[in-house]
Amino acid sequence: MNPEEVSAEEEQSAAPNPPIYTCQTLLNVQTQQEASQALTPKYMKYVVFVCFGLCIVMFGLLLWAYLVGGAVINLVLALLVLAVGAYLAYSHFNTPKKMLVQWEENMKKNFGTSELHLTTEFYKFSIAQTLSENDDLTVDNYADLQALVETKHLFLLKKGRGTWYFVAKDGLQNCSVDEFRSFISERIGGK
């Protein structure tokens, strides 16, 4: 055998293992919004509504106390409680929108685009994600993943504090959504 000739078996063993699954994800404002909504603790929604309800009740009681007793301090406090309630309502509905606008502006500033293209490759023991806009590569072991959150269009894989892998369901290649869910759940302990 000629030393320059390499058998197919040797060539295959020398080549890196191909990924088991690959996913193309478009990260834009809609994707970010879906993820943000899924990751906001459910109790926060109720806390805001309870606080808003308390503001309304307190406003009513203070206004009634002013009308019955005539003490101006009750009217001032009622107006103060009304202002706090209005601020709560404004913040609840506008802060998420402002955060998304800021996120999009940061993407345009840092990458020159409002949409990022992620390629995620899933190997036997590790996950690798490449950001197409700057060829940034992130590689982690599955043991580094702490949680799996599923939304209508995404799988969100928590790596650490505030760090997530975004995996678009419609971008999965070589597998179905159910196959991928089973695959990734086994690797992060079914969390």
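Everything below is about the structure shown above.
Conventions adopted
Residues numbered from 1 in each chain as written. Predicted model: local features only at pLDDT ≥ 70, side-chain atom pairs only at ≥ 80, totals over all residues. Heavy atoms only, no water. Helix = DSSP H or I, 4+ residues; strand = E, 2+ residues; numbered from the N terminus. Rg over C-alpha atoms; globule rule 2.2 N^0.38 Å. Buried < 20%, exposed > 50% of the residue type's maximum accessible area, 1.4 Å probe, protein only. Contact = heavy atoms within 4.5 Å. Areas by Shrake-Rupley, 256 points an atom, 1.4 Å probe, with all protein chains shown as cover. Lys, Arg positive; Asp, Glu negative; His and termini not counted. Charge placed at Lys NZ, Arg CZ, Asp CG, Glu CD. Polar contact = N/O pair within 3.5 Å; in protein donor to acceptor, adjacent residues only side chain to side chain. Axes fitted to C-alpha atoms, helices over the stretch in contact; angles between N-to-C directions. Parallel < 35°, antiparallel > 145°, perpendicular 65-115°, else oblique. Left-handed = near helix turned anticlockwise from the far one by under 90°. Nonpolar A, V, L, I, M, F, W, Y, C, P; charged D, E, K, R; others polar. Pairing = 2+ DSSP bridges.

Caption draft 1: Fine view of the overall build of the protein. The helix and strand tally for the protein stands at five helices and eight strands. Relative to a compact globule of 191 residues, whose C-alpha radius of gyration would be 16 Å, the protein shows 26 Å and is clearly more extended. With respect to the principal axes defined by its C-alpha atoms, the protein has extents near 105 × 35 × 25 Å. Taken across its 191 residues, the protein has 29% of its residues classed as buried. Of the contacts formed within the protein by residues at least 6 apart in sequence, a portion of 52% connects residues at least 24 apart. Taken as a whole, the protein presents about 12,700 Å² of accessible surface, with 59% of it coming from carbon and sulfur. Both charge centroids of the protein, one from 15 positive and one from 20 negative side chains, sit 19 Å from each other.

Caption draft 2: Broad picture of helix α2 (residues 29–39). Where α2 is concerned, the buried positions are Val 29, Thr 31, Gln 32, Glu 34 and Ala 35. On its buried face, α2 is in contact with β1 (21–27), α4 (72–111), β6 (154–160) and β7 (163–168). The distance from a side-chain oxygen at the start of α2 to the backbone nitrogen of Gln 30 is 3.2 Å, and the residue carrying that oxygen is Asn 28.

Caption draft 3: Layout of the packing of α2 against α4. Contact geometry for α2 and α4: axes closest at 10 Å, N-to-C directions at 135°. With respect to α4, the axis of α2 lies oblique. The crossing of α2 and α4 is right-handed. In this structure, α2 contributes Val 29, Gln 32 and Gln 33 to the contact, and α4 contributes Leu 100, Trp 103 and Glu 104. Among the residues making up the contact of α2 with α4, the classes are represented as three nonpolar, two polar and one charged.

Caption draft 4: Main features of the packing of helix α3 (residues 42–69) against α4. Remark: α3 packs on α4, axes separated minimally by 8 Å, with the N-to-C direction vectors making an angle of 160°. When the interaxial angle is binned, α3 and α4 end up roughly antiparallel. Here α3 and α4 pass one another in a crossing that is left-handed. Of α4, the residues touching α3 (which contributes Val 48, Phe 49, Cys 51, Phe 52, Cys 55, Met 58, Phe 59, Leu 62, Leu 63, Ala 65 and Tyr 66) are Val 72, Asn 74, Leu 75, Leu 77, Ala 78, Val 81, Leu 82, Val 84, Gly 85, Leu 88, Ala 89 and His 92. For the contact of α3 with α4, the residue count by class is 20 nonpolar, three polar and no charged.

Caption draft 5: Seen up close, the pairing of β1. Of all seven residues making up β1, five are buried, and the element is well covered by its neighbours. Taken together, the two bridges between β1 and strand β8 (residues 172–173) define a ladder with antiparallel strand orientation. For Thr 22, the partnering residue across the bridge sits in β8 and is Gln 173.

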